[in-house]
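Structure at a glance
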Amino acid sequence: MPYLDVNDTTLYYEDEGTGPALLFLHGWGTSGRTWSAQQAEFVTDHRVVTVDWRGCGRSARPARGNTIAGVVSDLVALIGALRLDRPVVVGSSVGASFATELAVRRPELIAGVVSVDGPAYWPSSGQQAELLDDLRRDRAGTVAGWVPGWYAPGTASALIDWTVRQILDSGVYIDEHQAAAPGYDPRPTLPGLRVPIHYIHGELDVPIPLEVARTCAALTPGADVTVIAGSGHMPHQERPIAFNTALRSALARMARTAPATA
């Protein structure tokens with residue numbers, strides 16, 4: 001299996017297909033497996049890379065580096081090691097925060113960002129402190145009670161249960177991302193971005209309401225929002241056909257507006 005040693009940790013990744021590069025970043029506590037419907041769709045005409053970022057999935061679970069800066073540093077190393085040619089980075093939930101910060105810090109490395117239900121800012125920060133306390137007190141029960149709210153009503157219980165299992169299998173050190181979340185707010189940087197961003201958001205997302213994506217898109221030059229009807233926080237899993245159509249449209253728009261290279 002493909003593993004890469006970077007920044008004193010080991011990351012699991014998958015790299016298939018040829019064509020314009022896509023780098024997919026999963027959300028908190030899950031893994032690259034959440035992108036299976038996108039791997040199957042886009043590998044036919046893209047180079048598709050998924051990675052389990054540190055602490056999650058099949059990657060190592062180090063006690064240090066579980067910050068936005070730490071994960072972004074890992075991604076910079078991954079892009080270099082795999083010789084990815086300016087990928088479009090597609091990030092779900094906190095993965096969208098990583099993608100956005102990569103665009104802020106190293107815009108020359110990527111061609112664009114697709115933010116999928118990203119927590120660009122938190123409408124209510126008090127929820128995070130309560131969540132952390134609950135995770136310390138009863139991790140399994142807290143995750144099992146929390147995750148169903150990520151999904152729209154009527155979502156298959158098997159998908160919800162699988163998400164719970166992934167999170168419980170991940171390391172406890174990723175809780176640092178939850179602790180830091182209330183202080184994260186990229187809105188001041190969005191007007192000056194040199195990398196295009198498109199926002200895809202589930203209509204029924206409860207943890208990160210649709211207003212968050214619309215607010216950020218209004219601040220980001222040339223940005224739009226695509227709403228996935230009937231979906232919650234995980235539209236790439238809940239409504240994969242609609243999501244893949246929206247992603248193809250966003251990629252085509254980015255390709256048309258990409259600056260010419262020498």
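Everything here concerns the structure above.
Residues numbered from 1 in each chain as written. Predicted model: local features only at pLDDT ≥ 70, side-chain atom pairs only at ≥ 80, totals over all residues. Heavy atoms only, no water.

Per the secondary structure count, the protein includes 10 helices and 8 strands. In summary, the protein has a C-alpha radius of gyration of 17 Å against a globular reference of 18 Å for 262 residues, a match within 12%. Taken along the three principal axes of its C-alpha coordinates, the protein extends 55 × 40 × 35 Å. Pairs at least 24 apart in sequence give 77% of the contacts found in the protein among residues at least 6 apart. With 21 positive and 27 negative side-chain charges, the protein shows a spacing of 4 Å between the two charge centroids. (Helix = DSSP H or I, 4+ residues; strand = E, 2+ residues; numbered from the N terminus. Rg over C-alpha atoms; globule rule 2.2 N^0.38 Å. Contact = heavy atoms within 4.5 Å. Lys, Arg positive; Asp, Glu negative; His and termini not counted. Charge placed at Lys NZ, Arg CZ, Asp CG, Glu CD.)

With the rule as written, the count across this model stands at 6 aromatic pairs. When the ring of Tyr3 is compared with that of Tyr12, the centres are 5.3 Å apart and the planes differ by 70°; the resulting orientation is edge-to-face. Relative accessible area serves as the criterion here: at 38%, Tyr3 is assigned to the partly exposed category. Plain terms: the ring middles of Trp146 and Trp150 are 5.1 Å apart, the flat faces sit at 90° to each other, and that makes the pair edge-to-face. Taking relative accessible area as the criterion, Trp146 reaches 25% and is therefore assigned partly exposed. (Phe/Tyr/Trp six-rings, centres within 6.5 Å; stacked < 30°, edge-to-face > 60°. Buried < 20%, exposed > 50% of the residue type's maximum accessible area, 1.4 Å probe, protein only.)

Positive phi values are uncommon outside glycine, yet Ser93 reaches one of about 55°. Among the secondary structure elements, Ser93 is positioned in the loop between β5 (88-92) and α3 (94-105). Relative accessible area serves as the criterion here: at 14%, Ser93 is assigned to the buried category. Positive phi, normally seen in glycine, also occurs at Asp117, with a value near 50°. Tracing the backbone shows Asp117 in the loop between β6 (112-116) and α4 (126-137). A relative accessible area of 0% means that Asp117 is categorised as buried.

Moving on: the sheet that holds strand β3 (residues 21-25). Read across the open sheet, the 8 strands follow the order β1-β2-β4-β3-β5-β6-β7-β8; overall the sheet is mixed. With partners counted over all chains shown, the strands left at the sheet margins are β1 (3-6) and β8 (225-228), one partner each. Between one strand axis and the next, the sheet turns through 20° on average, direction left out of account. In this fold helix α2 (residues 68-81) packs onto β1, β2 (9-16), β3 and β4 (47-52), with an angle of close to 125° to the strand it touches most, β1. The strands touched by α3 are β3, β5, β6 and β7 (197-202); relative to β5, the strand with the most contacts, the crossing angle is about 145°. (Pairing = 2+ DSSP bridges. Axes fitted to C-alpha atoms, helices over the stretch in contact; angles between N-to-C directions.)

The terminal C-alpha atoms of α3, which comprises 12 residues, lie 16 Å apart, in line with the 16 Å expected from a rise of 1.5 Å per residue. Counting buried residues in α3 gives 10 out of 12 residues, a clear majority hidden from the surface. Inspection of α3 places Val94, Gly95, Ala96, Ser97, Phe98, Ala99, Thr100, Glu101, Leu102 and Ala103 among the buried residues, and these make up the whole buried set. Residues of α3 that are buried in the fold lie against β3, α2, β5, β6, α7 (175-180) and β7. (Expected span 1.5 Å × (residues − 1).)

So, on to the pairing of β3. In terms of burial, β3 is largely enclosed, as 5 of its 5 residues are buried. With burial as the criterion, each face of β3 is covered, one bearing Ala21, Leu23 and Leu25 and the other bearing Leu22 and Phe24. Pairing analysis gives 5 bridges linking β3 to β4, with the strands arranged parallel. The residue bridging Phe24 from the neighbouring strand is Thr50, located in β4.

On to the side chain of Gln38. Summarising the element assignment, Gln38 is placed in helix α1 (residues 36-42). Since its relative accessible area comes to 0%, Gln38 is described here as buried. Look past the residues within four positions of Gln38 in its chain and what remains in contact with it is Phe24, Val43, His236, Pro240, Phe243 and Asn244.

Mapped onto the elements of the fold, Arg54 is located in the loop between β4 and α2. A relative accessible area of 4% places Arg54 in the buried class. A distance of 2.7 Å separates a polar side-chain atom of Arg54 from the backbone oxygen of Arg64. Polar contacts involving the side chain of Arg54 include one to the side chain of Asp74, which spans 2.7 Å. Filtering out sequence-adjacent residues up to four positions away, Arg54 remains in contact with Val6, Asn7, Thr9, Leu11, Ala60, Pro62, Arg64, Gly65, Asn66, Val71, Asp74 and Ile174. (Polar contact = N/O pair within 3.5 Å; in protein donor to acceptor, adjacent residues only side chain to side chain.)

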